[in-house]
Amino acid sequence: MSRSVRRSLCLLAVIAALVAPGTVAANHSWGGYHWARQANPFTLKLGENLGSVWDPILGTTSSDWSRSTVLDTTIVAGGAKPRNCRPTSGRVEVCNAAYGSTGWLGVAQIWITGGTHITQGTVKVNDTYFATSTYNTTAWRNLVMCQEVGHTLGLDHQDENFNNANLGTCMDYTNDPSTNQHPNQHDYDELQTIYAHLDSTTTIGQAALSTAAPGAASGAASGAWGRQVATSHGGAASTFVRETGRGQSVVTFVVWAR
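Residues numbered from 1 in each chain as written. Predicted model: local features only at pLDDT ≥ 70, side-chain atom pairs only at ≥ 80, totals over all residues. Heavy atoms only, no water.

A.B. asks: A description of the pattern of salt bridges should follow, citing residues and the corresponding values.
C.D. replies: Per the counting criterion, the structure on display carries three salt bridges. Residue Glu93 pairs with Arg91 through a salt bridge whose shortest N-O separation is 2.9 Å. The same class applies to Glu93 as to Arg91, namely buried. (Salt bridge = Lys/Arg side-chain N within 4 Å of Asp/Glu carboxyl O. Buried < 20%, exposed > 50% of the residue type's maximum accessible area, 1.4 Å probe, protein only.)

Below you can see the structure in the form of structure tokens.
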């Protein structure tokens, strides 16, 4: 994989802690971030703002994550324009567009209130790269879509080493997506842990505190992500925080090419 394409795998997502690159995470929750709900299993809507080539890919991803015992996902009509992919309260908007040479293949963001509760999310996949011969494959599309939607459920990566053996999960970075297109049992077990407790309220379908999506579409300058608050050993990953007001913040996690 070339340096420029490796950089295209930078994934933006909301997390509370970094997993060290090159290690397998025994626990890959994003610091307990989760959708508030009063019963399990709950159903999370995925807004479909996609071209026809992506429709079956999202269908596979939705079916995969719905095998969890604590949640189901269902695909509904999208509520966003693909270019800006504005979030919708209480669900996840999923978009594709030719976003340009941004440096990323896929982006996932979630908005947090009350310290841990997800209120809305977005997933974007970049057709500028998926139109190339390297990435215009079902395997690459499945891996990226599965991983980005997994982030919006509250999952971090299991592994961030591109060069070691595949773990058989889309939450694993790889140079070869052939066996990393779907969740594995560790992902489902982690979702059970994340959603083991119930909440007194719900953020599913509720009014969000903010609908801004700072820097999400272009992914260009780190200034759009707010202030850098952490970087991993060797600079392979960085964390940025941007306060959006009214008790919300967006934390952006960027994995850089080395």
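A.B. asks: Requested: an account of the side chain of Gln158, with residues and values cited.
C.D. replies: Structurally, Gln158 is set in the loop between α4 (138–152) and α5 (185–194). With a relative accessible area of 3%, Gln158 lands in the buried category. At 2.9 Å, the side chain of Gln158 forms a polar contact with the side chain of Asn184. Side-chain polar atoms of Gln158 contact the side chain of Asp187, separated by 2.9 Å. (Helix = DSSP H or I, 4+ residues; strand = E, 2+ residues; numbered from the N terminus. Polar contact = N/O pair within 3.5 Å; in protein donor to acceptor, adjacent residues only side chain to side chain.)

A.B. asks: Please give an account of the packing of aromatic side chains that cites residues and values.
C.D. replies: Applying the stated criterion to the full structure yields five aromatic pairs. Centroid distance Trp65 to Tyr188: 6.3 Å. Interplanar angle 75°. Geometry classified as edge-to-face. Here Trp65 is found in helix α2 (residues 55–65), whereas its partner Tyr188 is found in helix α5, with 123 residues between them in sequence. A ring pair is formed by Tyr135 and Trp140, whose centres lie 4.7 Å apart and whose planes are at 70°; its orientation type is edge-to-face. (Phe/Tyr/Trp six-rings, centres within 6.5 Å; stacked < 30°, edge-to-face > 60°.)

A.B. asks: An account of the packing of α2 against α4 is needed here, citing residue identities and associated values.
C.D. replies: Where α2 contacts α4, the two axes come as close as 9 Å, and the packing angle between them is 50°. By the criterion of interaxial angle, the relationship of α2 to α4 is oblique. Of the two elements, α2 crosses α4, and the hand of that crossing is right-handed. In contact with Ile57, Leu58, Thr60, Thr61 and Trp65 of α2, α4 contributes Thr138, Arg141, Asn142, Met145, Cys146, Val149 and Gly150. Its residues assigned to classes, the contact of α2 with α4 comprises six nonpolar, five polar and one charged. (Axes fitted to C-alpha atoms, helices over the stretch in contact; angles between N-to-C directions. Parallel < 35°, antiparallel > 145°, perpendicular 65-115°, else oblique. Left-handed = near helix turned anticlockwise from the far one by under 90°. Contact = heavy atoms within 4.5 Å. Nonpolar A, V, L, I, M, F, W, Y, C, P; charged D, E, K, R; others polar.)

A.B. asks: Report on the state of the cysteines, specifying residues and quantitative values.
C.D. replies: According to the stated counting rule, one finds two disulfides in the structure shown. A sulfur-sulfur separation of 2.1 Å characterises the disulfide bridge that pairs Cys85 with Cys95. Across the disulfide from Cys85 to Cys95, rotation about the S-S bond amounts to roughly 85°, and the bridge is consequently right-handed. Taken together, the positions of Cys85 in the loop between β3 (71–77) and β4 (92–97) and Cys95 in strand β4 put the pair 10 residues apart, joining distant regions of the chain. (Disulfide = S-S within 2.5 Å.)

A.B. asks: Report on α5, specifying residues and quantitative values.
C.D. replies: Looking only at α5, the buried set comprises Asp187, Tyr188, Glu190, Leu191 and Ile194. The arc enclosing the buried residues of α5, seen along the axis, measures out at 160°, which places them on a common side. In α5, those exposed residues whose orientation departs by more than 90 degrees from the buried face are Gln185 and Thr193. The elements touched by buried residues of α5 are β1 (34–35), α2 and β3. (Arc of directions from axis to C-beta.)

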